[in-house]
Each structure stands twice: as C-alpha cells, then as structure tokens.
Amino acid sequence: MTHGEAAHERGTHNMFTGYRPSPALTYPSFGSVVSHEFGPRENLPPYVCLPKLPASDAGAGYLGSAYGPFTLGSDPASDNFTVRDLSLPGGVDTGRFSTRQKLRDIVGRHFQKMEDNSNLEAMDEFYARAYDLVGSARARAAFDITAEPAHVRDQYGRNQAGQRMLLARRLVGAGVRFIEVKHDGWDHHKALADEMSEVAPVFDQAFATLITDLEQRGMLDSTLVVVATEFGRKPAFDGDGRSHHPVCFSTVLAGGGTKAGFVYGKSDDMGYYVDENAVSVGAFHASIAFAAGMEIEKPAMSPSGRPMSVGDGEKPILELFA
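Criteria and cut-off values
Residue positions are given per chain, counting from 1 as you read along its sequence in written order. Under the rules for a predicted model, residues below a pLDDT of 70 receive no local features and side-chain atom pairs below 80 are neither given nor counted, while totals for whole chains, interfaces and linings still include all residues. Values shown for side chains rest on all heavy atoms present in the structure; no hydrogens or waters enter the calculation. Type-normalised accessible area, obtained with a 1.4 Å probe on protein chains alone, sets the label of each residue: buried when under 20%, exposed when over 50%, and partly exposed for intermediate values. Helix and strand labels come from DSSP, where a helix needs a run of H or I of at least four residues and a strand needs a run of E of at least two; each type is numbered from the N terminus. Any pair of residues with heavy atoms lying within 4.5 Å of one another is described as a contacting pair. In what follows, salt bridge is the name for a side-chain nitrogen of Lys or Arg lying within 4 Å of a carboxyl oxygen of Asp or Glu. Strand pairing is defined by DSSP finding a minimum of two bridges between the two strands. Any residue with an atom within 4 Å of a point lines the site, the site being either a cavity, points on a 1 Å grid over the protein atoms alone where a 1.4 Å probe fits but cannot get out, or a pocket, an open set with protein on both sides within 12 Å along at least 5 of 7 lines. Grid points are joined across faces, edges and corners, and a volume is the space filled by probe spheres set on the points. Planes of paired rings set the category: under 30 degrees apart is stacked, over 60 is edge-to-face and the rest tilted, where pairs are Phe, Tyr or Trp rings (Trp by its six-membered ring) whose centres lie within 6.5 Å. The criterion for a charge sitting over a ring is simple: Lys NZ or Arg CZ within 6 Å of the ring centre, and within 35 degrees of the ring normal. What is meant by a nonpolar core is a set of buried Ala, Val, Leu, Ile, Met, Phe, Trp, Tyr and Cys residues, joined one to another through side-chain atoms within 4.5 Å. Working convention: axes come from line fits to C-alpha atoms, limited for helices to the stretch in contact. Angles between N-to-C directions cover 0 to 180 degrees. In the scheme used here, Gly and all other residues not listed as nonpolar or charged are polar, with Ala, Val, Leu, Ile, Met, Phe, Trp, Tyr, Cys and Pro taken as nonpolar and Asp, Glu, Lys and Arg as charged.

Points about helix 9 (residues 281-291)
For helix 9, a buried count of 9 out of 11 residues is recorded, marking the element as mostly surrounded by other parts of the structure. For helix 9, the full list of buried residues reads V281, G282, A283, F284, H285, A286, S287, I288 and A289. Those residues of helix 9 hidden inside the fold are in contact with helix 1 (8-17), helix 2 (30-38), strand 4 (224-227) and strand 7 (252-255). One or two positions beyond helix 9, positive phi appears at G293, with a value near 75 degrees.

Some words on the pattern of salt bridges
In the structure shown here, the tally under the stated rule is 12 salt bridges. Put simply, D75 and R164 hold a salt bridge, and the shortest N to O gap is 2.3 Å. Residue D75 is found in the loop between strand 2 (70-71) and helix 3 (94-114), and its partner R164 is found in helix 7 (residues 160-174); the two are separated by 89 residues along the sequence. Its salt-bridge partner being E148, residue R170 comes within 2.8 Å of it at the nearest N-O pair. With R170 in helix 7 and E148 in the loop between helix 5 (137-142) and helix 6 (150-156), the pair connects residues that are 22 residues apart, well separated along the chain.

What to know about the sheet that holds strand 3 (residues 178-181)
Strands sit in the order 2-1-3 across an open sheet of 3 strands; the sheet is parallel. Two strands close off the open sheet at either side, each with one partner strand: strand 2 and strand 3. Pairing of strand 1 (residues 47-50) with strand 3, which is carried by 4 bridges, proceeds in the parallel orientation. Bridging across to strand 3, C49 finds its partner in E180.

Comments concerning empty space enclosed by the protein
The final tally for this structure, using the stated rule, is 1 cavity of 30 Å³ or more. Estimated volume of the largest cavity: approximately 210 Å³. Taken together, 19 residues form the lining of the largest cavity, with V33, Y62, A300, S309 and V310 sitting closest to its centre. Looking at which element gives the most residues to the lining of the largest cavity, the answer is helix 2, with 4 residues.

Considerations on the packing of aromatic side chains
Inspection of the entire model under this criterion finds 9 aromatic pairs. Measuring from centroid to centroid gives 6.0 Å for W186 and F203, while their planes differ by 90 degrees, and the two rings are edge-to-face. Separated by 17 residues along the polypeptide, W186 in the loop between strand 3 and helix 8 (192-216) and F203 in helix 8 bring together distant segments of the chain. For W186, a relative accessible area of 31% puts it in the partly exposed group. You can call F203 buried: its relative accessible area is 16%. Judged by centre distance (6.5 Å) and plane angle (45 degrees), the ring pair of F262 and Y264 falls under tilted. Three or more aromatic residues link up through ring pairs in this structure, and these residues are F30, Y47 and F178. A cation over an aromatic ring shows up here: K259 above the ring of F262, its NZ or CZ 4.7 Å from the ring centre.

Here we look at the nonpolar core
One finds M1, F30, Y62 and M294 to be the most contacted residues of the largest nonpolar core, which totals 35 residues. The greatest single-element share of this core, amounting to 6 residues, is contributed by helix 9. Apart from residues no more than four positions distant in its own chain, M1 is found in contact with M15, P246, V247, C248, F249, T251, V274, V279, S280, V281 and F284.

Looking at the packing of helix 1 against helix 9
How two helices sit against one another is set out by the angle between their axes and by the gap between those axes. It is at 8 Å that the axes of helix 1 and helix 9 come closest, and there the two elements cross at 35 degrees. Where helix 1 abuts helix 9, its residues N14, M15, F16 and T17 lie against V281, F284 and H285. Within the contact of helix 1 with helix 9, the residues separate by chemical class into 4 nonpolar, 3 polar and no charged.

Here you go:
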C-alpha cells in the first residue's frame, strides 16, 4: 500500500475513512458507512469498537451519531469485564424506564414540530436502537465472553489481543456487521527487538487462532478479517530510529472471498518504494466494500450537498478475490 500522510493523525484519518483529511468536512469511518448502508441485525449494533473508539476518525462524521460505533466501556481481558448500556442502571426498574422513554418521545416530538432537523431524526434513531439493545437478551449473550470454554480463551491468549479478537468472533457469529479491534503499542522507532517481543507474539497467537476458529466454524468465507495500520516504517535507520513511512507498507486480508496465500503488489529491493501494483487507500476501501457486497459507486450526500462514495471513487482490486 502507499499514501502520502506521514503524521499519525492524518494517516489514521486516511485509513479509517478512505479520504485525506479536510478542514471543511468530517468524513465517516468505514464502519459508520456500513452501519448507514446495512443497518442492525437481531437488535445488535451494526458497528462495534473493541474496547473503545480507537480514534476520533473511527466515528460517524457527517453521517450523524445514529451511525456511530457502540463501545464497551471496559476491556474483555479484564477480570471484571462488563458491557455498559446492556442493562438498566441501578435504581431504574422497567416501569421507570418506560416512563423515561415516553417522556423523551414527547419532548422529541415537540422539538420536531418546531424545527425540521436531520440531527433530531438521527438522535431518534440512536435512541430507538438503544432501547432495543437494553431489552435484548441476544445482545447480552453475544457480549458474554465468559460463556466461552476456558480452553478456547486460552487458545486466543489471556491478554488484550486474544480476548478482544475472541469477543469479535462472538459478535460476528451473533450478527454484528462491522467490528473494529484495537491492538496498539506499535509506535516503535528504536529498541525494536525489545518492543516487538512485547506486542508481536500475543498478536500472532490471537490472529492465527481467530482465522483457524472462523474456518473451523464455517464462518471464514463470509467474514473478511483486515489487519491494517496508518503507515509503515522506513527500512533504514536514521537518527530517530525507523521513521514513519507511508510510501510503502503492508496490510492483510483474510477470508471474505479473498484468495488464500496470495500476495498483491511488490516493493523494491529495499522495501522503500512500491515497485509493482501500488494500492491506494481508496482502492483498499473499495475492495473491502466489494467483499461486503456494498454498492461501491452509490453516492451519499454530505451536509454541503457533495456526493461522496466509498474509497473516494476508486475501484476495488478484483485480483484479490477468488
């Protein structure tokens, strides 16, 4: 892959949204686009971030809060893991909850009569989904990682990477459409051997187990697993170690109809520049959208009336797919 954003914030925005940052418009993340296009299934949120929003760029942008991600509030690797917003708060029984819901509906209708506002409609949809979620036994069961056998949790790894990926598999199986799993700590410039020994083994174990688990359950062909960062590292050391390098870096796609064991693109001998089949961020997004069955060229209107499309109008790389 290649792009031109060497700063963390701009590179992150680019990879989450498929667009270069703009001061004039807040673009939606791919997960929010999926939420907007496909909606929820089985009273489950269509877009979940594990365990929290990894960056502001992972939000709904101009699409509005109704299409933002559901976040957990705690980490599935913790001993006291609980998911907020799946049950009523202390002191609120079902009768009181129903009264609050009716009051909010009355207030909402009042303001809608006063002003026709798309933000109000978005919030109404947000609350409707929240009501469904609180009352859903299926949702509570999907997020209950303690229901997994101990040996399965051990296979993934009793750490953040392992338990987050295991919970992601549970949510996919329950019907969640798009899941963002955060596994950070890769900003290594120096002391690479020591730093990589901390983060790489736990990721490798969890990722390999996830792919194997999905395949054994017959879910891999219908689930696209994506591993991506905002950019790579220069192949050579300078005074600051290995600096940020968006010019040439790698991503991984597994399942979802992609070819197994297939490499697309090639770097030069130093790994510095793309030598063959460069992949832009837009084409990357379009390829994921293709795997999801999304209408890639279908325009969505921004608040300013500008038609937007997945991947900024670029085409999917069909060679990736079997």
